[in-house]
Amino acid sequence: MTSPVRLALLGCGTVGSEVVRLLHAQSADLAARIGAPLELAGIAVRRLGRDRGALPVDEALFTTDALGLIKRDDVDVVIEVVGGIEPARGWLVEALRAGKSVVTANKALLAEDGAALHDAAAEGRADLYYEASVAGAIPLLRPLRDSLHGDRVNRVTGIVNGTTNFILSAMDATGAGFAEALEEATALGYAEADPTADVEGFDAAAKAAILASLAFHTRITAADVHREGITEVTAADVASAKAMGCTIKLLCIAARGRDTAEAETVSVRVHPAMIPLTHPLASVGDAFNAVFVEAEAAGQLMFYGRGAGGAPTASAVLGDVVAVARNRLAGVRAASESAYADLAVRPMGEALTRYHISLDVADRPGVLASVAGVFARHEVSIATVRQGSTGGGRPGSGDDAELVIVTHVAPDAALAATVGELRGLDIVGSVTSVLRVEGEA
(Lines give C-alpha, C1' and ligand atoms only; values in the text may rest on other atoms or scores of the structure.)
Protein backbone atom coordinates (compact mmCIF):
# COMPACT_ATOMS: atom_id res chain seq x y z
CA MET A 1 0.00 0.00 0.00
CA THR A 2 0.97 3.62 -0.50
CA SER A 3 1.38 6.27 2.20
CA PRO A 4 -1.66 6.93 4.42
CA VAL A 5 -4.31 9.46 3.47
CA ARG A 6 -4.32 11.91 6.37
CA LEU A 7 -7.61 13.28 7.69
CA ALA A 8 -8.44 16.39 9.69
CA LEU A 9 -11.75 16.01 11.55
CA LEU A 10 -13.54 19.23 12.50
CA GLY A 11 -16.05 18.46 15.24
CA CYS A 12 -16.38 15.47 17.53
CA GLY A 13 -19.98 15.52 18.69
CA THR A 14 -22.61 12.91 17.88
CA VAL A 15 -21.58 12.51 14.23
CA GLY A 16 -17.86 13.15 14.66
CA SER A 17 -17.57 10.55 17.40
CA GLU A 18 -19.23 7.96 15.16
CA VAL A 19 -16.84 8.86 12.34
CA VAL A 20 -13.91 8.16 14.67
CA ARG A 21 -15.38 4.83 15.77
CA LEU A 22 -16.11 3.68 12.23
CA LEU A 23 -12.65 4.70 11.04
CA HIS A 24 -11.18 2.51 13.76
CA ALA A 25 -13.59 -0.44 13.45
CA GLN A 26 -13.41 -0.63 9.65
CA SER A 27 -9.81 0.47 9.15
CA ALA A 28 -8.68 -2.69 7.33
CA ASP A 29 -11.66 -2.76 4.97
CA LEU A 30 -11.40 0.97 4.25
CA ALA A 31 -7.69 0.64 3.45
CA ALA A 32 -8.40 -2.27 1.11
CA ARG A 33 -11.13 -0.33 -0.70
CA ILE A 34 -9.01 2.78 -1.09
CA GLY A 35 -5.59 1.24 -1.64
CA ALA A 36 -4.08 3.16 1.26
CA PRO A 37 -4.78 3.40 4.99
CA LEU A 38 -6.72 6.34 6.47
CA GLU A 39 -5.13 8.13 9.41
CA LEU A 40 -6.44 10.90 11.64
CA ALA A 41 -3.99 13.79 11.65
CA GLY A 42 -6.01 15.70 14.23
CA ILE A 43 -9.46 16.44 15.65
CA ALA A 44 -10.55 20.05 16.16
CA VAL A 45 -13.02 20.65 18.99
CA ARG A 46 -14.38 23.66 20.85
CA ARG A 47 -13.31 22.42 24.28
CA LEU A 48 -10.56 20.03 25.31
CA GLY A 49 -11.16 17.56 28.10
CA ARG A 50 -14.85 17.08 27.40
CA ASP A 51 -16.17 13.56 28.03
CA ARG A 52 -16.66 11.96 24.60
CA GLY A 53 -16.90 8.37 25.76
CA ALA A 54 -14.30 5.74 25.02
CA LEU A 55 -13.02 6.91 21.65
CA PRO A 56 -10.22 4.78 20.14
CA VAL A 57 -7.84 7.73 19.59
CA ASP A 58 -4.90 9.35 21.35
CA GLU A 59 -5.91 12.45 23.34
CA ALA A 60 -2.92 14.22 21.76
CA LEU A 61 -4.87 14.39 18.48
CA PHE A 62 -7.37 16.88 19.92
CA THR A 63 -6.88 20.59 19.35
CA THR A 64 -8.90 23.79 19.55
CA ASP A 65 -7.01 25.32 16.61
CA ALA A 66 -9.13 24.19 13.64
CA LEU A 67 -7.53 26.57 11.16
CA GLY A 68 -4.04 25.53 12.21
CA LEU A 69 -4.98 21.89 11.73
CA ILE A 70 -6.38 22.58 8.26
CA LYS A 71 -3.21 24.39 7.19
CA ARG A 72 -0.89 21.56 8.17
CA ASP A 73 1.09 20.14 5.25
CA ASP A 74 0.37 16.54 6.28
CA VAL A 75 -3.44 16.94 5.99
CA ASP A 76 -4.96 15.60 2.76
CA VAL A 77 -8.71 15.58 3.48
CA VAL A 78 -10.81 17.78 5.78
CA ILE A 79 -14.02 16.36 7.30
CA GLU A 80 -16.39 18.99 8.71
CA VAL A 81 -19.25 18.00 11.03
CA VAL A 82 -19.40 21.16 13.15
CA GLY A 83 -22.33 22.79 11.38
CA GLY A 84 -23.33 26.44 11.18
CA ILE A 85 -22.18 29.13 8.79
CA GLU A 86 -19.13 30.65 10.44
CA PRO A 87 -16.40 29.77 11.18
CA ALA A 88 -17.09 26.65 9.08
CA ARG A 89 -17.25 28.62 5.81
CA GLY A 90 -13.83 30.17 6.37
CA TRP A 91 -12.28 26.85 7.32
CA LEU A 92 -13.60 24.99 4.29
CA VAL A 93 -12.76 27.73 1.80
CA GLU A 94 -9.21 27.73 3.18
CA ALA A 95 -8.93 23.96 2.80
CA LEU A 96 -10.36 23.83 -0.72
CA ARG A 97 -8.23 26.69 -2.02
CA ALA A 98 -5.20 24.84 -0.70
CA GLY A 99 -6.17 21.81 -2.78
CA LYS A 100 -7.40 19.70 0.14
CA SER A 101 -10.53 17.66 -0.45
CA VAL A 102 -13.50 18.43 1.81
CA VAL A 103 -16.26 16.15 3.09
CA THR A 104 -19.00 18.03 4.92
CA ALA A 105 -22.43 17.39 6.42
CA ASN A 106 -23.15 21.11 6.73
CA LYS A 107 -26.55 21.60 5.06
CA ALA A 108 -27.00 25.13 6.42
CA LEU A 109 -23.74 26.35 4.88
CA LEU A 110 -24.30 24.58 1.56
CA ALA A 111 -27.81 26.04 1.30
CA GLU A 112 -26.75 29.56 2.22
CA ASP A 113 -23.45 29.85 0.37
CA GLY A 114 -22.61 26.65 -1.44
CA ALA A 115 -21.35 28.84 -4.27
CA ALA A 116 -18.38 29.97 -2.15
CA LEU A 117 -17.40 26.35 -1.50
CA HIS A 118 -17.80 25.27 -5.12
CA ASP A 119 -15.78 28.26 -6.33
CA ALA A 120 -13.02 27.50 -3.83
CA ALA A 121 -13.01 23.83 -4.91
CA ALA A 122 -12.62 24.88 -8.54
CA GLU A 123 -9.82 27.30 -7.62
CA GLY A 124 -7.90 24.66 -5.65
CA ARG A 125 -8.83 21.79 -7.97
CA ALA A 126 -10.10 19.89 -4.94
CA ASP A 127 -13.07 17.61 -4.31
CA LEU A 128 -16.15 18.80 -2.40
CA TYR A 129 -18.46 15.99 -1.27
CA TYR A 130 -21.56 16.39 0.95
CA GLU A 131 -23.73 13.28 0.80
CA ALA A 132 -24.33 13.47 4.57
CA SER A 133 -25.93 16.91 4.33
CA VAL A 134 -29.29 15.52 3.17
CA ALA A 135 -31.12 12.39 4.36
CA GLY A 136 -28.34 10.86 6.46
CA ALA A 137 -27.24 7.46 5.20
CA ILE A 138 -29.62 7.39 2.23
CA PRO A 139 -27.58 7.37 -1.02
CA LEU A 140 -29.30 10.31 -2.68
CA LEU A 141 -27.04 13.18 -3.69
CA ARG A 142 -24.57 11.08 -5.62
CA PRO A 143 -27.33 9.46 -7.73
CA LEU A 144 -28.62 12.96 -8.52
CA ARG A 145 -25.12 14.24 -9.25
CA ASP A 146 -23.77 11.21 -11.12
CA SER A 147 -26.21 8.38 -11.86
CA LEU A 148 -28.94 10.63 -13.30
CA HIS A 149 -26.54 12.95 -15.13
CA GLY A 150 -27.63 11.48 -18.45
CA ASP A 151 -31.30 12.07 -17.72
CA ARG A 152 -33.59 15.03 -17.13
CA VAL A 153 -35.09 15.29 -13.63
CA ASN A 154 -38.47 17.03 -13.66
CA ARG A 155 -39.57 16.85 -10.05
CA VAL A 156 -38.24 15.93 -6.61
CA THR A 157 -40.65 15.41 -3.72
CA GLY A 158 -39.37 14.39 -0.33
CA ILE A 159 -39.77 13.91 3.38
CA VAL A 160 -36.38 15.10 4.56
CA ASN A 161 -36.89 15.91 8.24
CA GLY A 162 -37.31 13.03 10.66
CA THR A 163 -38.54 15.11 13.59
CA THR A 164 -41.54 16.54 11.75
CA ASN A 165 -42.31 13.20 10.15
CA PHE A 166 -42.39 11.55 13.58
CA ILE A 167 -44.70 14.28 14.92
CA LEU A 168 -47.13 14.09 12.00
CA SER A 169 -47.07 10.27 12.05
CA ALA A 170 -47.89 10.31 15.79
CA MET A 171 -50.75 12.77 15.20
CA ASP A 172 -52.11 10.52 12.48
CA ALA A 173 -51.83 7.34 14.55
CA THR A 174 -53.18 8.63 17.88
CA GLY A 175 -55.28 11.69 17.10
CA ALA A 176 -53.01 13.81 19.29
CA GLY A 177 -52.51 17.52 18.75
CA PHE A 178 -49.26 19.10 17.67
CA ALA A 179 -48.12 20.03 21.19
CA GLU A 180 -48.67 16.50 22.53
CA ALA A 181 -46.87 14.88 19.60
CA LEU A 182 -43.95 17.31 19.93
CA GLU A 183 -43.69 16.47 23.63
CA GLU A 184 -43.49 12.77 22.78
CA ALA A 185 -40.85 13.43 20.09
CA THR A 186 -38.76 15.40 22.60
CA ALA A 187 -39.04 12.69 25.25
CA LEU A 188 -37.87 10.05 22.77
CA GLY A 189 -34.95 12.17 21.55
CA TYR A 190 -36.33 12.86 18.08
CA ALA A 191 -36.74 16.58 18.75
CA GLU A 192 -34.14 19.03 20.05
CA ALA A 193 -34.72 21.10 23.17
CA ASP A 194 -35.29 23.98 20.74
CA PRO A 195 -37.12 22.35 17.82
CA THR A 196 -37.57 25.54 15.80
CA ALA A 197 -35.29 24.58 12.91
CA ASP A 198 -37.27 21.38 12.42
CA VAL A 199 -40.90 22.30 13.11
CA GLU A 200 -40.71 25.65 11.28
CA GLY A 201 -39.21 24.03 8.19
CA PHE A 202 -35.76 25.64 8.17
CA ASP A 203 -33.92 22.30 8.15
CA ALA A 204 -36.07 20.94 5.32
CA ALA A 205 -35.71 24.17 3.33
CA ALA A 206 -31.90 23.93 3.43
CA LYS A 207 -32.07 20.34 2.20
CA ALA A 208 -34.58 21.30 -0.51
CA ALA A 209 -32.16 23.93 -1.81
CA ILE A 210 -29.36 21.36 -2.06
CA LEU A 211 -31.58 18.81 -3.81
CA ALA A 212 -32.91 21.36 -6.28
CA SER A 213 -29.43 22.64 -7.09
CA LEU A 214 -28.28 19.15 -8.03
CA ALA A 215 -31.47 18.08 -9.80
CA PHE A 216 -31.83 21.18 -11.96
CA HIS A 217 -28.19 22.24 -12.48
CA THR A 218 -28.91 25.64 -10.95
CA ARG A 219 -27.53 27.41 -7.91
CA ILE A 220 -30.40 27.60 -5.43
CA THR A 221 -30.13 28.91 -1.88
CA ALA A 222 -32.36 28.54 1.16
CA ALA A 223 -33.60 32.08 0.52
CA ASP A 224 -35.12 30.85 -2.77
CA VAL A 225 -37.23 28.23 -0.97
CA HIS A 226 -40.78 29.02 0.12
CA ARG A 227 -40.99 27.71 3.68
CA GLU A 228 -43.83 26.85 6.05
CA GLY A 229 -43.65 24.66 9.15
CA ILE A 230 -46.09 22.29 10.83
CA THR A 231 -46.94 24.22 14.01
CA GLU A 232 -50.40 25.16 12.66
CA VAL A 233 -51.38 21.60 11.73
CA THR A 234 -54.19 20.47 14.04
CA ALA A 235 -55.77 17.18 15.01
CA ALA A 236 -58.83 18.31 13.04
CA ASP A 237 -56.67 18.73 9.92
CA VAL A 238 -55.36 15.20 10.35
CA ALA A 239 -58.90 13.86 10.79
CA SER A 240 -60.06 15.73 7.69
CA ALA A 241 -57.16 14.28 5.70
CA LYS A 242 -58.13 10.78 6.83
CA ALA A 243 -61.71 11.40 5.68
CA MET A 244 -60.31 12.17 2.22
CA GLY A 245 -58.12 9.06 2.18
CA CYS A 246 -55.02 11.18 2.78
CA THR A 247 -52.29 11.80 5.32
CA ILE A 248 -50.34 14.98 6.09
CA LYS A 249 -46.59 15.21 5.55
CA LEU A 250 -44.07 18.06 5.58
CA LEU A 251 -42.88 17.94 1.99
CA CYS A 252 -40.04 19.51 0.11
CA ILE A 253 -41.08 19.92 -3.51
CA ALA A 254 -38.79 21.06 -6.32
CA ALA A 255 -40.18 21.08 -9.84
CA ARG A 256 -39.50 22.39 -13.30
CA GLY A 257 -42.06 24.72 -14.87
CA ARG A 258 -42.44 27.61 -17.27
CA ASP A 259 -43.16 31.29 -16.77
CA THR A 260 -45.63 33.41 -18.76
CA ALA A 261 -43.04 33.84 -21.52
CA GLU A 262 -42.61 30.05 -21.69
CA ALA A 263 -39.06 30.25 -20.35
CA GLU A 264 -38.11 27.27 -18.21
CA THR A 265 -38.08 27.90 -14.46
CA VAL A 266 -37.89 25.97 -11.21
CA SER A 267 -39.96 26.26 -8.04
CA VAL A 268 -38.80 25.06 -4.63
CA ARG A 269 -41.06 24.91 -1.60
CA VAL A 270 -41.41 23.31 1.82
CA HIS A 271 -44.79 23.08 3.52
CA PRO A 272 -47.22 20.60 5.06
CA ALA A 273 -49.53 18.99 2.52
CA MET A 274 -52.16 16.31 2.24
CA ILE A 275 -51.14 13.39 0.05
CA PRO A 276 -53.28 10.35 -0.86
CA LEU A 277 -52.57 7.12 0.96
CA THR A 278 -51.71 5.60 -2.43
CA HIS A 279 -48.72 7.92 -2.82
CA PRO A 280 -45.35 6.21 -2.15
CA LEU A 281 -44.47 8.82 0.49
CA ALA A 282 -47.68 8.30 2.48
CA SER A 283 -46.39 5.12 4.14
CA VAL A 284 -43.13 6.71 5.31
CA GLY A 285 -43.61 6.85 9.07
CA ASP A 286 -41.73 7.43 12.30
CA ALA A 287 -38.49 9.43 11.86
CA PHE A 288 -37.65 7.96 8.46
CA ASN A 289 -36.89 10.02 5.34
CA ALA A 290 -37.77 9.32 1.73
CA VAL A 291 -37.31 11.18 -1.53
CA PHE A 292 -39.34 10.55 -4.68
CA VAL A 293 -37.60 11.53 -7.93
CA GLU A 294 -39.35 11.78 -11.30
CA ALA A 295 -37.09 11.73 -14.36
CA GLU A 296 -37.91 11.56 -18.06
CA ALA A 297 -36.06 8.37 -18.97
CA ALA A 298 -35.63 6.65 -15.59
CA GLY A 299 -39.22 7.30 -14.55
CA GLN A 300 -40.09 7.26 -10.86
CA LEU A 301 -37.39 6.49 -8.30
CA MET A 302 -37.66 6.31 -4.52
CA PHE A 303 -34.88 6.62 -1.93
CA TYR A 304 -35.77 5.58 1.63
CA GLY A 305 -34.04 5.11 4.97
CA ARG A 306 -32.93 6.73 8.21
CA GLY A 307 -32.29 10.38 7.54
CA ALA A 308 -30.48 11.38 10.71
CA GLY A 309 -28.51 10.08 13.69
CA GLY A 310 -24.84 9.70 14.43
CA ALA A 311 -24.20 6.30 12.84
CA PRO A 312 -26.25 6.79 9.64
CA THR A 313 -24.73 10.23 9.02
CA ALA A 314 -21.23 8.94 9.75
CA SER A 315 -21.82 6.17 7.21
CA ALA A 316 -22.50 8.78 4.53
CA VAL A 317 -19.44 10.78 5.60
CA LEU A 318 -17.16 7.77 5.28
CA GLY A 319 -18.60 6.89 1.89
CA ASP A 320 -17.51 10.33 0.71
CA VAL A 321 -14.11 9.97 2.39
CA VAL A 322 -13.48 6.74 0.46
CA ALA A 323 -14.42 8.47 -2.80
CA VAL A 324 -12.18 11.51 -2.30
CA ALA A 325 -9.29 9.38 -1.03
CA ARG A 326 -9.46 7.19 -4.15
CA ASN A 327 -9.52 10.30 -6.34
CA ARG A 328 -6.52 11.70 -4.53
CA LEU A 329 -4.48 8.53 -4.99
CA ALA A 330 -5.43 8.40 -8.68
CA GLY A 331 -4.48 12.04 -9.17
CA VAL A 332 -7.96 13.03 -10.36
CA ARG A 333 -10.88 15.02 -9.00
CA ALA A 334 -14.58 14.46 -9.27
CA ALA A 335 -16.71 16.33 -11.79
CA SER A 336 -17.07 19.97 -10.81
CA GLU A 337 -20.34 21.66 -9.90
CA SER A 338 -22.97 21.54 -12.63
CA ALA A 339 -24.85 24.85 -12.63
CA TYR A 340 -25.00 25.48 -16.37
CA ALA A 341 -28.81 25.69 -16.56
CA ASP A 342 -29.07 28.77 -14.32
CA LEU A 343 -32.88 28.53 -14.23
CA ALA A 344 -34.90 31.37 -12.75
CA VAL A 345 -36.66 30.55 -9.50
CA ARG A 346 -40.40 30.92 -9.85
CA PRO A 347 -42.18 32.83 -7.04
CA MET A 348 -44.45 30.79 -4.79
CA GLY A 349 -47.46 32.70 -6.08
CA GLU A 350 -46.93 31.17 -9.53
CA ALA A 351 -46.59 27.59 -8.24
CA LEU A 352 -49.49 25.38 -9.28
CA THR A 353 -51.11 23.59 -6.36
CA ARG A 354 -54.42 22.72 -4.76
CA TYR A 355 -55.99 23.84 -1.48
CA HIS A 356 -58.07 22.12 1.18
CA ILE A 357 -60.02 24.85 2.99
CA SER A 358 -62.24 24.45 6.07
CA LEU A 359 -64.73 27.25 6.78
CA ASP A 360 -67.07 27.93 9.68
CA VAL A 361 -70.04 29.64 7.99
CA ALA A 362 -73.56 30.75 8.78
CA ASP A 363 -76.09 28.00 8.12
CA ARG A 364 -78.60 29.78 5.91
CA PRO A 365 -79.70 29.82 2.25
CA GLY A 366 -77.35 31.42 -0.27
CA VAL A 367 -74.15 30.91 1.73
CA LEU A 368 -72.72 28.24 -0.56
CA ALA A 369 -73.46 30.36 -3.63
CA SER A 370 -71.70 33.36 -2.05
CA VAL A 371 -68.67 31.26 -1.17
CA ALA A 372 -68.56 29.75 -4.66
CA GLY A 373 -68.71 33.24 -6.13
CA VAL A 374 -65.47 34.15 -4.35
CA PHE A 375 -63.71 31.19 -5.93
CA ALA A 376 -65.11 32.12 -9.35
CA ARG A 377 -63.88 35.71 -9.07
CA HIS A 378 -60.33 34.45 -8.56
CA GLU A 379 -60.69 31.84 -11.32
CA VAL A 380 -60.26 28.94 -8.92
CA SER A 381 -62.26 25.83 -9.76
CA ILE A 382 -63.83 23.83 -6.93
CA ALA A 383 -63.31 20.05 -7.04
CA THR A 384 -65.36 18.94 -4.03
CA VAL A 385 -67.51 20.46 -1.27
CA ARG A 386 -68.49 18.77 1.96
CA GLN A 387 -70.93 20.38 4.41
CA GLY A 388 -71.71 19.48 8.00
CA SER A 389 -73.01 21.00 11.22
CA THR A 390 -70.63 22.43 13.81
CA GLY A 391 -73.00 21.29 16.53
CA GLY A 392 -74.86 24.36 17.71
CA GLY A 393 -72.77 27.25 16.42
CA ARG A 394 -71.11 30.08 18.29
CA PRO A 395 -72.96 31.83 21.12
CA GLY A 396 -75.19 34.58 19.72
CA SER A 397 -74.62 33.71 16.09
CA GLY A 398 -77.29 31.09 15.50
CA ASP A 399 -76.59 27.71 13.92
CA ASP A 400 -73.36 27.37 11.99
CA ALA A 401 -72.14 24.94 9.38
CA GLU A 402 -68.75 23.69 8.33
CA LEU A 403 -67.76 23.79 4.69
CA VAL A 404 -64.77 21.77 3.52
CA ILE A 405 -63.69 22.70 0.01
CA VAL A 406 -60.98 21.11 -2.11
CA THR A 407 -59.92 23.01 -5.23
CA HIS A 408 -58.56 22.00 -8.58
CA VAL A 409 -55.01 23.06 -9.48
CA ALA A 410 -54.53 26.83 -9.61
CA PRO A 411 -51.72 29.36 -9.07
CA ASP A 412 -50.94 29.66 -5.37
CA ALA A 413 -51.45 33.44 -5.49
CA ALA A 414 -55.03 32.98 -6.74
CA LEU A 415 -55.74 30.44 -4.03
CA ALA A 416 -54.26 32.68 -1.32
CA ALA A 417 -56.31 35.66 -2.59
CA THR A 418 -59.44 33.50 -2.47
CA VAL A 419 -58.79 32.61 1.16
CA GLY A 420 -58.11 36.26 1.94
CA GLU A 421 -61.48 37.36 0.54
CA LEU A 422 -63.29 34.53 2.32
CA ARG A 423 -61.93 35.74 5.65
CA GLY A 424 -63.60 39.10 5.08
CA LEU A 425 -67.12 37.79 4.37
CA ASP A 426 -69.81 38.38 7.01
CA ILE A 427 -71.15 34.88 6.45
CA VAL A 428 -67.76 33.33 7.28
CA GLY A 429 -67.15 33.04 11.00
CA SER A 430 -63.60 31.78 10.48
CA VAL A 431 -61.31 30.01 8.06
CA THR A 432 -60.35 27.19 10.37
CA SER A 433 -57.81 25.46 8.18
CA VAL A 434 -55.89 25.87 4.93
CA LEU A 435 -53.67 23.06 3.65
CA ARG A 436 -52.23 22.31 0.26
CA VAL A 437 -53.06 19.03 -1.46
CA GLU A 438 -50.49 17.18 -3.55
CA GLY A 439 -51.01 14.11 -5.69
CA GLU A 440 -54.32 12.87 -7.03
CA ALA A 441 -56.46 13.00 -3.84
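Everything in this summary refers to the structure shown in the same document. (Residues numbered from 1 in each chain as written. Predicted model: local features only at pLDDT ≥ 70, side-chain atom pairs only at ≥ 80, totals over all residues. Heavy atoms only, no water.)

Right, let's talk about unusual backbone geometry for a bit. Between Glu86 and the following residue, Pro87, the backbone shows a cis peptide bond with an omega angle of 5 degrees. One non-glycine residue, His217, lies in the positive phi region at around 55 degrees. Inspection of the secondary structure puts His217 in the loop between α10 (202–216) and β8 (226–227). Classification of His217 as buried rests on a relative accessible area of 9%. (Helix = DSSP H or I, 4+ residues; strand = E, 2+ residues; numbered from the N terminus. Buried < 20%, exposed > 50% of the residue type's maximum accessible area, 1.4 Å probe, protein only.)

Under the criterion given, the structure shown has 2 cavities of 30 Å³ or more. Size it by volume and the largest cavity reaches roughly 50 Å³. In terms of lining residues, the largest cavity is bounded by Tyr129, Tyr130, Glu131, Leu141, Arg142, Arg145, Leu214 and Asp320. Considering each element in turn, the lining of the largest cavity owes the most residues, 3 residues, to helix α6 (residues 141–147). Across the lining of the largest cavity, the residue classes tally to 4 nonpolar, no polar and 4 charged. Here the second largest cavity defines a volume of roughly 30 Å³. Lining the second largest cavity are Leu144, Leu148, His149, Asp151, Val153, Leu214, Ala215 and His217. Residue composition of the lining of the second largest cavity, by class: 5 nonpolar, 2 polar and 1 charged. (1 Å grid on protein atoms, 1.4 Å probe; cavity = no way out; pocket = protein on both sides within 12 Å on 5 of 7 lines; lining within 4 Å. Points joined across faces, edges and corners; volume = space filled by probe spheres on them. Nonpolar A, V, L, I, M, F, W, Y, C, P; charged D, E, K, R; others polar.)

For helix α7 (residues 162–174), which comprises 13 residues, the first-to-last C-alpha distance of 18 Å matches the rise-based estimate of 18 Å (1.5 Å per residue) to within 8%. In terms of burial, α7 is a largely internal element, 10 of the 13 residues being buried. Those residues of α7 lying buried are Gly162, Thr163, Thr164, Asn165, Phe166, Ile167, Leu168, Ser169, Ala170 and Met171. Looking at the buried side of α7, the elements it contacts are β7 (153–159), α8 (178–187), α9 (196–199), α11 (235–243), β9 (246–258) and β11 (288–295). Looking one or two residues past α7, Gly175 carries a phi angle of roughly 80 degrees, positive in sign. (Expected span 1.5 Å × (residues − 1). Contact = heavy atoms within 4.5 Å.)

This next bit is on the pairing of strand β18 (residues 428–437). The side chains of a regular strand alternate, first on one face of the sheet and then on the other. Direction of pairing for strand β10 (residues 264–276) relative to β18: parallel, over a ladder of 2 bridges. Considered in β18, the bridge of Ala273 is made with Arg436. The pairing of strand β14 (residues 352–362) with β18 spans 8 bridges and is classified as antiparallel. If you follow Ile357 over to β18, its bridge partner there is Val434. (Pairing = 2+ DSSP bridges.)

Right, let's talk about the nonpolar core for a bit. One broad trend across soluble globular proteins is that nonpolar side chains are buried collectively. Counting residues in each nonpolar core, the largest one holds 81 residues, and the members touching the most others are Leu10, Val78, Leu140, Leu144, Val153, Ile167 and Leu211. Filtering out sequence-adjacent residues up to four positions away, Leu211 remains in contact with Val134, Leu140, Leu141, Leu144, Val156, Val160 and Cys252. Leu7, Val20, Val57 and Val103 belong to the second largest nonpolar core, which has 36 residues in total. (Core = buried A, V, L, I, M, F, W, Y, C linked by side-chain atoms within 4.5 Å.)

This structure, assessed with the given rule, holds 2 aromatic pairs. Their ring planes at 5 degrees and their centres at 5.2 Å tell us that Phe288 and Tyr304 sit as a pair that is stacked. One end of the pair, Phe288, is in strand β11; the other, Tyr304, is in strand β12 (residues 299–306), with 16 residues separating them in the sequence. Of the residues examined, Tyr304 reaches a relative accessible area of 48% and is grouped as partly exposed. The ring of Tyr130 is capped by Arg145, whose NZ or CZ atom sits 5.9 Å from the centre of that ring. The ring of Phe202 has Arg227 sitting right over it, with the charged end atom 3.8 Å from the ring centre. (Phe/Tyr/Trp six-rings, centres within 6.5 Å; stacked < 30°, edge-to-face > 60°. Lys NZ or Arg CZ within 6 Å of the ring centre and 35° of its normal.)

By themselves, these figures tell us nothing about what the structure is for.
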